[in-house]
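Here's the letter readout for the chains.
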Amino acid sequence: MSSEQLLPLVYDELRRLAASRMARESAGMTLQPTALVHEAWLRLSEKGGRNWNDRTHFFRAAALAMRRILVDRARQKSSLKSGGLRAELDITAMTPVEVTPDERLLLIDESLQRLEKEDPESARIVLLKFFAGLTNQEAAATLGVNVRTVERQWAYAKASLFQMVKEIEDGSRPPH
């Protein structure tokens, strides 16, 4: 099925998924669900004439596009916040700061890249649940597995990501 044929069929579901994902973002998030869907759609259809094998293929690509958009925006905001340039740091002048939601998203993305190398199946669950906002039932249907498998892999992935983020924050694991 071509992208042009697919959009009217999946638009409402993509909009619902984006709204679900954006509901978990901070109040300062300026990107709206409709804009996220439209930007994801533009990225998916950039190559023109792209065909989708099935629902799983399309929603994995949509989740990945949404992830990249959110991470790109977080990087951009983080870069602007720090003046857009890397300045010399005076460690004596540094004070502990809280991690912003954008920085947290970047840490999760970096940890997810590591998880993709160590356990690709669990990383796919994170992509569908965290970045696309699918429920356990929807992720199971998309991946063709049972709900219990999704629940088990989701629990493992969350624990792994938590540990990876903690190691990066503690400095015991160097950033990627």
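Scroll up for the structure.
Residues numbered from 1 in each chain as written. Predicted model: local features only at pLDDT ≥ 70, side-chain atom pairs only at ≥ 80, totals over all residues. Heavy atoms only, no water.

Q: Can you lay out the overall build of the protein chain for me, pointing to particular residues and giving the numbers?
A: In terms of regular secondary structure, the protein chain is built from 7 helices and 0 strands. Start at the N end of the protein chain and walk to the C end: the helices and strands fall as α-α-α-α-α-α-α. The proportion of buried residues among the 176 residues of the protein chain is 41%. Considering only contacts in the protein chain between residues 6 or more positions apart, those separated by 24 or more positions represent 70%. (Helix = DSSP H or I, 4+ residues; strand = E, 2+ residues; numbered from the N terminus. Buried < 20%, exposed > 50% of the residue type's maximum accessible area, 1.4 Å probe, protein only. Contact = heavy atoms within 4.5 Å.)

Q: Tell me about helix 2 (residues 33-44), and name the residues and values.
A: Taking 1.5 Å of rise per residue, the 12 residues of helix 2 would be expected to cover 16 Å, and the 16 Å separating its terminal C-alpha atoms lies within 8% of that figure. Within the sequence span of helix 2, burial applies to Pro-33, Leu-36, Val-37, Ala-40, Trp-41 and Leu-44. In a view along the axis of helix 2, the buried residues occupy a sector of 130°, so they form one face of it. (Expected span 1.5 Å × (residues − 1). Arc of directions from axis to C-beta.)

Q: Lay out the pattern of salt bridges with the relevant residues and their values.
A: Inspection of every chain in the model, using the stated rule, returns 11 salt bridges. Between Arg-43 and Glu-39 there is a salt bridge whose closest N-O contact spans 3.7 Å. Residue Arg-43 and its partner Glu-39 are located together in helix 2, separated by 4 residues, close to a single helical turn. On the accessibility criterion, Arg-43 (30% relative accessible area) is partly exposed. Here the salt bridges share partners, and the residues they tie into one network are Glu-39, Arg-43, Asp-72 and Arg-73. (Salt bridge = Lys/Arg side-chain N within 4 Å of Asp/Glu carboxyl O.)

Q: Please give an account of helix 5 (residues 120-131) that cites residues and values.
A: For helix 5, spanning 12 residues, the distance from its first C-alpha to its last is 15 Å, which sits close to the expected 16 Å at 1.5 Å a residue. Here helix 5 lies mainly inside the structure; 9 of its 12 residues are buried. Ser-122, Ala-123, Ile-125, Val-126, Leu-127, Leu-128, Lys-129, Phe-130 and Phe-131 are the residues of helix 5 that are buried. Once helix 5 ends, the next one or two residues include Gly-133, with phi positive near 75°.

Q: Could you give an account of the packing of helix 6 (residues 136-143) against helix 7 (residues 147-170), naming the residues involved and the relevant values?
A: The interhelical angle for the contact between helix 6 and helix 7, taken along N-to-C directions, is 110°, at an axis separation of 8 Å. The orientation of helix 6 with respect to helix 7, classified from their angle, is roughly perpendicular. Facing helix 6, whose interface residues are Asn-136, Gln-137, Ala-139 and Ala-140, helix 7 presents Val-147, Val-150 and Glu-151. By residue class, the composition of the contact of helix 6 with helix 7 is 4 nonpolar, 2 polar and 1 charged. (Axes fitted to C-alpha atoms, helices over the stretch in contact; angles between N-to-C directions. Parallel < 35°, antiparallel > 145°, perpendicular 65-115°, else oblique. Nonpolar A, V, L, I, M, F, W, Y, C, P; charged D, E, K, R; others polar.)

Q: So, the packing of aromatic side chains: which residues are in play, and what are the values?
A: Applying the stated rule across the entire model yields 2 aromatic pairs. Between Trp-41 and Phe-58, the aromatic rings sit 6.1 Å apart at their centres with planes inclined by 55°, giving tilted as the arrangement. Of the two residues, Trp-41 is situated in helix 2 and Phe-58 in helix 3 (residues 55-81); the sequence distance between them amounts to 17 residues. Taking 5.2 Å as the distance between ring centres and 85° as the angle between the ring planes, the aromatic pair formed by Phe-58 and Phe-59 counts as edge-to-face. An aromatic cluster of at least three residues, connected via ring pairs, comprises Trp-41, Phe-58 and Phe-59. Its end group placed over the ring of Trp-154, Lys-129 keeps NZ or CZ at 5.0 Å from the ring centre. (Phe/Tyr/Trp six-rings, centres within 6.5 Å; stacked < 30°, edge-to-face > 60°. Lys NZ or Arg CZ within 6 Å of the ring centre and 35° of its normal.)

So, to be careful, I would describe these as geometric facts and stop short of saying anything about function.
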